[in-house]
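Residues per chain are reported as follows:
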Amino acid sequence: MKNFISDLFKLDKKPKHGLLPVEWVVLAYIVFTSVLIFIYYSKLVNPQAMVSGRFHVLAISLSLWLVYRLLPCRFTFVARIIAQMALLAFWYPETYELNRIFPNLDHYFAIWEQTLFGMQPALTFATTFSSKIISELMSMGYAAFYPMIVLTALYYLFFHSRQFQQCTFVIVASFFAYYAIYDLLPVVGPTFYYKAVGLENVTKGFFPNVGDYFNTHRGCLTTPGFHDGFFYHLVEDAKAAGERPTAAFPSSHVGIATICMLLFWHVRNWKMIGILFPFYFFLCLATVYIQAHYVIDAIAGLITGVLFYSVFLYTSRNFKG
C-alpha cells in the first residue's frame, strides 16, 4: 500500500498529451446530444440549462487536463477518469429531458410481453414470490449495482493498474451507448406505464397508447416487496432520489452488471466472479421483480452488455488517442 501511494504521485516520464479515451467518449456524447438539443430546442423544457451543463462538464474536463499537464502523475491521471465516471450521474436524468419529446412506446413492449409470455411477468413475479426473504434478496441484488461498478474499477486500479484505463473506458463507453439509445427510445418500463394506464387495463390485457403522457407525468407504482426490508428501503431511496420515466430498454442495470462480470472474467479472477455472481443473479431478476423493466428489457440488457463489452474492449486496444 505504501508503494502504491508513493507511485500515485510519481511524475510520469511519458505523460499523455491528448484526451483520454473516456474523455473522447464524453466529447462524442456532448456533440451527439448537442445536435439533438439544437434540432428540438423549441420542444425542450429547459434547453438553456442543458447547454450550460455541457459547458460545465467541458470546463471540469479541461481543468483536470490542465492539472495533469502541470503535475503529470498517476493521481491526476486517475482523477481525470474518476471524474468522468462520477459525472455519469449528471447525464442520466437528461435522457428523460430528451426522449420525453417523442411519443411513448411502452404499449408495444407490453403487447410483445403479453404475446411472448401470455401475461405480464413484471405484474405477476412479485406476487407469485412474495416472501420477505425473496423480496430482500431481489432488493439486495438491485442495490448492488453501483457498488459492483465501483468495486470493478477499484479492483483494476489496485491489482491491474495497467488495464485500469481500459476497464473504465469499457464501462463509461457502455453507459453512454445506453444513454444514446435512451435519448431516442422513449420506453419507461412497467412501474411508470402500468401507473399511467391503470392496473385494471393491464390485467385485462389492454395496453393503450399514452402518447406524450410522460412529458408531464412522473408518477409510478409503489415498488412491490417487503416494505420494511433494509434493502427495500435502499432501493426506494435511490428511486426517489433520481428515477425518471426513462431508460427502460435495454436494461442498463443488466447490461453494465454483465460487463462488470466479464471484466473479472477478462483477468480470470474466478474468486471475485463467485463472490459477485449471487448479487448479479438477483440483480437481473430484480429488474423485473421490482417492475423497473419488462423481461424483454432484461434480455436485451444481457445481449447488449456482451456486445458492448466486446466492441469497447476491442476499441480500447486499438485506441490511438
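Attention in this report is confined to the structure presented alongside it. It should be emphasised that the depicted structure is a prediction, and the values quoted were computed from it without experimental measurement.

A closer look at empty space enclosed by the protein
Here's step 1: For the structure shown, the criterion picks out 1 cavity of 30 Å³ or more.
Here's step 2: By volume, the largest cavity is sized at about 60 Å³.
Here's step 3: What lines the largest cavity is a set of 14 residues, and nearest its centre among them are Arg100, Phe102, Asn104, Pro186 and Phe214.
Here's step 4: Residue classes in the lining of the largest cavity are distributed as 8 nonpolar, 4 polar and 2 charged.

Overview of the nonpolar core
Here's step 1: Residues Trp91, Ile149, Phe175, Phe176, Tyr179 and Ile256 are the most contacted members of the largest nonpolar core, which totals 55 residues.
Here's step 2: If one sorts the elements of this core by residue count, helix H10 (residues 164-184) sits on top with 13 residues.
Here's step 3: Of all hydrophobic cores here, the second largest spans 33 residues; its members include Leu123, Val210, Tyr289 and Ala298.

Let's talk about the state of the cysteines
Here's step 1: As enumerated under the stated definition, the model contains 0 disulfides in all.
Here's step 2: Not part of a disulfide, Cys167 finds its nearest cysteine sulfur in Cys260, a span of 7.4 Å.

Describing helix H3 (residues 47-70)
Each turn of an α-helix holds 3.6 residues, which means side chains three or four residues apart point in the same direction.
Here's step 1: With 24 residues, H3 should cover 34 Å at 1.5 Å per step; its first-to-last C-alpha distance of 35 Å lies within 8% of that length.
Here's step 2: Along H3, the residues that are buried comprise Pro47, Met50, Gly53, Arg54, Val57, Ser61 and Tyr68.
Here's step 3: Buried residues in H3 make contact with helix H2 (21-39), helix H4 (74-86) and helix H5 (88-99).

Let's talk about the environment of Leu11
Here's step 1: Within the secondary structure layout, Leu11 lies in the loop between helix H1 (2-8) and H2.
Here's step 2: With relative accessibility at 52%, the residue Leu11 sits in the exposed group.
Here's step 3: The residues touching Leu11, leaving out its near neighbours within four places in the chain, are Leu71, Pro72 and Cys73.

A look at the side chain of Arg244
Here's step 1: Among the structural elements, Arg244 can be located in the loop between helix H13 (230-242) and helix H14 (252-266).
Here's step 2: This buried residue, Arg244, is left without a salt bridge; Glu97 holds the nearest opposite charge, at 5.3 Å.
Here's step 3: When near neighbours in sequence (up to four residues on either side) are disregarded, Arg244 contacts Tyr92, Pro93, Tyr96, Phe192 and Arg218.

Some points on helix H7 (residues 121-128)
Here's step 1: Of all the positions in H7, only Pro121, Ala122, Leu123, Phe125 and Ala126 are classed as buried.
Here's step 2: On its buried side, H7 packs onto helix H6 (106-117), helix H8 (132-143), helix H11 (190-197), helix H12 (199-203), helix H15 (270-289) and helix H16 (295-317).

A few points about a nonpolar patch on the surface
Here's step 1: Nonpolar side chains collect at one region of the surface, where Trp24, Leu27, Val31, Val35, Phe38, Ile39, Tyr41, Val51, Phe55 and Leu58 lie side by side and expose about 960 Å² of accessible area between them.
Here's step 2: Elements supplying a minimum of two residues to the nonpolar patch: H2 and H3.
Here's step 3: If one sorts the elements of the nonpolar patch by residue count, H2 sits on top with 6 residues.
Here's step 4: Here Val31 lies in helix H2.

Section: the layout of surface pockets
Here's step 1: Estimates place the volume of the largest pocket at around 950 Å³.
Here's step 2: Together, 38 residues line the largest pocket, and Tyr92, Phe145, Tyr146, Ala238 and His253 are the ones closest to its centre.
Here's step 3: Those elements giving two or more residues to the lining of the largest pocket turn out to be H4, H5, H8, helix H9 (145-159), H10, H11, H13 and H14.
Here's step 4: Across the lining of the largest pocket, the residue classes tally to 28 nonpolar, 7 polar and 3 charged.
Here's step 5: In this model, the second largest pocket occupies a volume close to 400 Å³.
Here's step 6: Lining of the second largest pocket is provided by 15 residues; of these, Asp12, Arg74, Phe77, Ser161 and Arg162 occupy positions nearest its centre.
Here's step 7: Looking at which element gives the most residues to the lining of the second largest pocket, the answer is H1, with 3 residues.
Here's step 8: Residue classes in the lining of the second largest pocket are distributed as 7 nonpolar, 2 polar and 6 charged.

What counts and what doesn't
Residues numbered from 1 in each chain as written. Predicted model: local features only at pLDDT ≥ 70, side-chain atom pairs only at ≥ 80, totals over all residues. Heavy atoms only, no water. 1 Å grid on protein atoms, 1.4 Å probe; cavity = no way out; pocket = protein on both sides within 12 Å on 5 of 7 lines; lining within 4 Å. Points joined across faces, edges and corners; volume = space filled by probe spheres on them. Nonpolar A, V, L, I, M, F, W, Y, C, P; charged D, E, K, R; others polar. Core = buried A, V, L, I, M, F, W, Y, C linked by side-chain atoms within 4.5 Å. Buried < 20%, exposed > 50% of the residue type's maximum accessible area, 1.4 Å probe, protein only. Helix = DSSP H or I, 4+ residues; strand = E, 2+ residues; numbered from the N terminus. Disulfide = S-S within 2.5 Å. Expected span 1.5 Å × (residues − 1). Contact = heavy atoms within 4.5 Å. Lys, Arg positive; Asp, Glu negative; His and termini not counted. Salt bridge = Lys/Arg side-chain N within 4 Å of Asp/Glu carboxyl O. Patch = residues over 30% accessible without salt bridge, like charges linked within 9 Å, V, L, I, M, F, W, Y side chains within 5 Å. Areas by Shrake-Rupley, 256 points an atom, 1.4 Å probe, with all protein chains shown as cover.

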